[in-house]
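If you want the building blocks of each chain, they are given just below.
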Amino acid sequence: MTTPILELKNIHKSFGDNAVLRGISFSMEKKERIVILGPSGSGKSTLLRCINHLESFEEGDVFLRGKRVEENKLHELRMQVGMVFQRFNIFSHMTALENVIEGPLYVKKMNKEEAIAKGELLLDRVGLGDKKHAKPSQLSGGQLQRVAIARALAMDPEILLFDEPTSALDPELVGEVLQVMKSVAEEGMSMVVVTHEMGFAKDVADRVIFMDEGVIVEEGPPDEMFTRPKTERSRNFLSRVL
Ligand code: ADP
Ligand code: MG
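Predicted model only: the values in this text are computed from it and were never measured. (Residues numbered from 1 in each chain as written. Chains lettered and ligands numbered in written order. Predicted model: local features only at pLDDT ≥ 70, side-chain atom pairs only at ≥ 80, totals over all residues. Heavy atoms only, no water.)

Draft legend 1. Looking closely at the sheet that holds strand S4 (residues 59-64). With antiparallel pairing, 4 strands are arranged side by side in an open sheet as S2-S1-S4-S5. The two strands at the open ends of the sheet, each matched to only one other strand, are strand S2 (18-28) and strand S5 (67-68). Examined bridge by bridge, strand S1 (residues 6-15) and S2 share 8 bridges and lie antiparallel to one another. When the bridges of S2 are listed, Glu7 appears paired with Ser27. (Pairing = 2+ DSSP bridges. Helix = DSSP H or I, 4+ residues; strand = E, 2+ residues; numbered from the N terminus.)

Draft legend 2. Spatial organisation of the site of ligand 1. In the region of ligand 1, the neighbouring residues are Phe15, Asn18, Val20, Pro39, Ser40, Gly41, Ser42, Gly43, Lys44, Ser45 and Thr46. Between an oxygen atom of ligand 1 and a main-chain N or O atom of Ser42, the distance comes to 3.2 Å. Between ligand 1 and the protein, one listed contact pairs an oxygen atom with a side-chain N or O atom of Thr46 at 2.5 Å. Relative to its unbound accessible area of 560 Å², ligand 1 is 58% covered by the protein chains. For the shell around ligand 1, the secondary structure elements donating two or more residues are S2 and helix H1 (44-51). Element by element, the count of residues in the shell around ligand 1 is highest for H1, at 3 residues. Taken together, the residues of the shell around ligand 1 break down into 3 nonpolar, 7 polar and 1 charged. (Near = heavy atom within 4 Å. Polar contact = N/O pair within 3.5 Å; in protein donor to acceptor, adjacent residues only side chain to side chain. Areas by Shrake-Rupley, 256 points an atom, 1.4 Å probe, with all protein chains shown as cover. Nonpolar A, V, L, I, M, F, W, Y, C, P; charged D, E, K, R; others polar.)

Here it is, written out as structure tokens:
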């Protein structure tokens, strides 16, 4: 067994008296693609935010490559774990390319020529080679989300977290973003993806985790989860979304 690239042990998180995560544990191998499913309010976003410590939690630990993440090393963590949000979080006053090179320039202190060359390559890779000087207001939601993915990749993360990256998009723009996510997966990125796109889960996930009310109810390979869910709760949920 190799050391898991990511391991969560018994994460508990409350907002006031609302216990949102109630003992979440799982580990992920390098290059593994995990899809997290679950009803709205089950704690999926909170879980992703706890993984990269955008949110504090009362109990439990996160380990990267077997090393516990320390509160004073969050800078390092954020370089290793990238995140793509439902609402693109693109800086509106900067061009696509400027958004992509921001992290390499100011966080990684890369020199400008190198950052630009890398940024152009990444925008090519997400199919936006001709949009590098476009402002966000000139781009569609699908294009903005692809810029956000390029921006996350620009930091050379070891793990990418996606929080419902297509659920704010018009239906006709969903496919282009899923396609980019698939290509990122095929290139060997370790990914945790919260999504309601069952087709993506079936095609890409090595493992599906079903969450409800702050606990992992069931997990397994997608073909098993989708055809033979073991628990009543996952059967109910899947019958509504499949
Ligand atoms: P999901 O992503 O599965 O829809 P969330 O993680 O967003 O679920 O939310 C889980 C629960 O935590 C919900 O009851 C939500 O109201 C609550 N919650 C999330 N973020 C906050 C916050 N910043 N303050 C208070 N409650 C929150
Ligand atoms: Mg959410």
